[in-house]
Structures are given as C-alpha cells and as structure tokens.
Amino acid sequence: MVSALAYAEEISWAKQLASLSKLFGDIALVTPLSDNAEEASKYYKKVYVVKTKTFEPISVGKAIENIVSKEGAKILIFPCTNKGRMLAGILSGKLGAIPVTDVINVSSSGEKFIMTKLTFGGNAKVDVEVEPPFTLCISAGALKEAETRGEAGEIEELEAPEPQIEVSFEPRKAEGVSPEKAEVVVGAGRGIKKKEDLDMIKELAKLLGGAWSVTRPLAADYGWADSWIGISGLMISPKLYIAVGISGQPHHMMGVRGSKVIVAINNDESAPIFEESDYGVVGDLYKVVPVLIKKLKERRGR
Ligand SMILES: Cc1cc2nc3c(=O)[nH]c(=O)nc-3n(C[C@H](O)[C@H](O)[C@H](O)COP(=O)(O)OP(=O)(O)OC[C@H]3O[C@@H](n4cnc5c(N)ncnc54)[C@H](O)[C@@H]3O)c2cc1C
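Residues numbered from 1 in each chain as written. Predicted model: local features only at pLDDT ≥ 70, side-chain atom pairs only at ≥ 80, totals over all residues.

(A) A look at the overall build of the protein chain. Secondary structure assignment for the protein chain yields nine helices and 14 strands. With respect to the three principal axes, the spread of C-alpha positions in the protein chain is 60 × 40 × 40 Å. Counting over 302 residues, the protein chain shows a buried share of 41%. Once local pairs closer than 6 in sequence are excluded, the contacts in the protein chain between residues at least 24 apart make up 58%. (Helix = DSSP H or I, 4+ residues; strand = E, 2+ residues; numbered from the N terminus. Buried ≥ 20, exposed ≤ 12 C-beta atoms within 10 Å, placed from the backbone. Contact = placed C-beta atoms within 7 Å.)

Below you can see the structure in the form of structure tokens.
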C-alpha cells in the first residue's frame, strides 16, 4: 500500500515528483516506459510499467485506476504536461478526487495539504487547502529532484486495457535540440514580419548551439511553428534566453522565468519585456540580429 501514485514519462519528471514523498509518504510510480523503470526504482517504493501500443488516455487512465484500487492511494500526482493534464482530468472524474492544476508548491497543515497554484493565466498565485482524495498537476520547474531511497523499489509490468478507440500519434519533426532541453534559446515574436525571417532566428540559435522557438501568435495564429513558449505551451529554463521582437506579456513570460539570463531585443523602449530582462537592446531586430550573427561568425572564424 502507498499513499500516493505519481505518473511520469520522463525520468527527470519521475525524480522531481518523488520529492513529494517527504509530504505524502510512500509513492508508487506509474510510467509507460520500461527503459526508465530501473533508474526510477531508486526513487520509489514501487514502479508500475504500464505497457501500451500507443498513448490512449482512457485506457492508460483505466490502468491507473486499477493500480489506485490495488494500492489504496488517495493522492494522484501528474506533471503539468498535455498528457498529465488529460489523465488528471479523467481520474479526478472517475475517483471523485479534487483536481488542482498548475501547482508550484505543496505544504502541509495537519491533515490538510496547501497547494500554491497559478491562476488568472499565470498572473497570480492562490493557496488552495485540500484533503485527500485529490489529483494535482505540478508545473514545470516547481520541484527539485529527490534523493535516491536507501533500497530500490519493486518493478511490476502491466498491460493497459485494449483501447476502445484507435489513436495514432505523429511525432513532431525535431529540428536540432528541443527548447526544453537547450542551454540557449532564441525566441521570436510578432516583431518578425514574415515566416522566412525566422531563418535568421534559427541561424542565431544554431550559432549559439541552442534552440529556437516563438510566441503563441506565431505558432497558433500564423502557423509558422508547431509549438510555442509560455503558460499554454513550453516551459523552458535555459541558461540564456534571447527574446527577439517579443513584448513580454505575462502568458509568455510565465514560460521563461526559469531562465538564468534574459536578453531582450525590441524597438519599443517601453515594452514590458525590458522590466524582466537582465540585458536589453532597444533597436530594430532586423538591424540587431544580423550584426549579432556576423559577430558570432567572425568569432568562430566562419
Ligand atoms: C489564455 C491565453 C494563453 C496564452 N498563452 C500564451 C503562451 O503560452 N505563450 C505566448 O507567447 N503567448 C500566449 N498568449 C498570448 C499572449 O497574451 C500575447 O498576446 C503574446 O505573447 C504576444 O506575443 P508577441 O510578444 O510576439 O507579440 P506582441 O505583443 O505583438 O509584441 C511584439 C513586439 O515586437 C516589437 N517589435 C515590432 N517590430 C520590431 C522590430 N522591427 N524590432 C524589434 N522589435 C519589434 C514590438 O515593439 C512588440 O513589443 C496567450 C493568450 C491567452 C489569452
């Protein structure tokens, strides 16, 4: 028996969610990836590997529901990813558990737990007091990775129930390193006038050995990229974030606050991004970025 179940696909998420055992007691991990199971077992009392042909949320949710009944867990923990949110929603409904999303801190007060969560699109924080049963989705970057436990937990493999509907996933075509893992990210906003002009953003990112991405309007409205940075997109924490032609609206800034250093290039000196940047260049990106590229190439002898 465990008091909580955590769901994670990536090992870094598994290690972060394990840190909640200090508050919740023993946690079992549910993961679809057997490759991570041995490493994860150093952090959990038990690891369930739920095997599926493809990720179909209702069938994975059913598998988790079965584990919940077996283990008697009353707390379900998910990362705030698309899949995590989907599963948290399904299981909250099935188990009558209170769903709490976008959690950035958890503490306890007697029998109750206090979740600090983001609200109003990430512009404010609120404390929510809950008692089990509940499900929670943890925001990226909220937790530090746990220490390993003394002894490795048991690993059990299960088959997820056969999906009732057919789902197929086409992986995103990866161009180089992903923004979530890169040490340097160059972000482009609506200061960029044409899709072709993103080439200079990509070139700058490549010269810095990093990744590029965009604000939501460029991806969701113009279709120039298939993902974006921000509260409704990717949460990044690079060593350096260069924001090019980005105004710095809270929805976007929520996704980059984990960056160590933020540099903004914007031709409007009153743009809000300058208030959250470590360094700022007030200027036309069409003049500044080519100079940066030229200087970097000179340095690298290209
Ligand atoms: C529910 C909800 C969720 C959202 N989630 C997200 C999210 O996850 N991520 C996200 O990014 N947005 C999100 N948004 C949208 C967000 O609120 C902003 O509208 C968006 O971030 C603005 O993008 P931007 O900075 O590219 O554009 P703008 O705000 O239009 O800013 C463009 C900037 O470019 C500058 N500029 C123009 N020309 C030049 C030039 N030649 N040289 C230099 N600078 C120039 C301008 O001065 C301006 O500051 C969300 C909105 C909603 C309602």
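(B) Quick look at helix 6 (residues 198-207). Among the residues making up helix 6, those that are buried are M200, I201, L204 and A205. All buried residues of helix 6 project into a common sector of 140° when viewed along the axis, lining one side. Looking one or two places after helix 6, you find G209, whose phi comes out positive at around 70°. (Arc of directions from axis to C-beta.)

(C) Inspection of the site of the ligand at higher detail. By nearness alone, 28 residues border the ligand, and G189, G191, G230, S247 and H252 come closest of all. The set of elements that each furnish at least two residues to the shell around the ligand consists of helix 7 (216-221), helix 8 (250-253), strand 13 (261-266) and helix 9 (285-299). Here the residues of the shell around the ligand are counted per class, giving nine nonpolar, 15 polar and four charged. (Near = placed C-beta within 6 Å. Nonpolar A, V, L, I, M, F, W, Y, C, P; charged D, E, K, R; others polar.)

(D) Structural context of the environment of L240. Topologically, L240 is positioned in strand 12 (residues 240-244). For the pair L240 and K260, spaced 20 residues apart in sequence, the C-alpha to C-alpha distance is 6.1 Å. When residues no more than four places from it in sequence are discounted, the contact partners of L240 are V184, K260, V261 and V263.

(E) Spatial organisation of the sheet that holds strand 2 (residues 27-31). Across the sheet, nine strands lie side by side as 7-6-5-8-4-1-2-3-9; this open sheet has mixed pairing. Among the strands making up the open sheet, the edge pair consists of strand 7 (124-130) and strand 9 (154-159). Geometrically, the sheet is characterised by an average inter-axis angle of 35° between neighbouring strands, direction not taken into account. Lying over the sheet, helix 4 (residues 57-71) contacts strand 1 (4-7), strand 2, strand 3 (46-51) and strand 9, oriented at roughly 155° with respect to strand 1. (Pairing = 2+ DSSP bridges. Axes fitted to C-alpha atoms, helices over the stretch in contact; angles between N-to-C directions.)

(F) Spatial organisation of the sheet that holds strand 14 (residues 279-282). Spatially, five strands are ordered 11-10-12-13-14 in an open sheet, and the strand pairing comes out parallel. In this open sheet, the two edge strands, each paired with only one partner strand, are strand 11 (211-214) and strand 14. Taken pair by pair, the neighbouring strands of this sheet meet at an average axis angle of 15°, ignoring direction. Relative to strand 14, strand 13 runs parallel, the two being bridged by four bridges. Across the sheet, N266 pairs through a bridge with V282, a residue of strand 14. In this fold helix 6 packs onto strand 10 (184-188), strand 11 and strand 12, with an angle of close to 170° to the strand it touches most, strand 10.

(G) Just helix 1 (residues 11-18), in detail. With six of eight residues buried, helix 1 is to be regarded as a mostly interior element. Inspection of helix 1 places W13, A14, K15, Q16, L17 and A18 among the buried residues, and these make up the whole buried set.

(H) Highlighting the pairing of strand 5 (residues 98-109). For strand 5 and strand 8 (residues 134-138), the ladder comprises four bridges, and the chain directions are parallel. Residue P99 lies in a different strand from strand 8, and its bridge partner there is T135. Sheet topology places strand 5 next to strand 6 (residues 112-119); six bridges connect them, and they run antiparallel. Considered in strand 6, the bridge of S109 is made with K112. Joining the antiparallel neighbours strand 5 and strand 6 is a turn of two residues, in which G110 adopts a positive phi near 60°.

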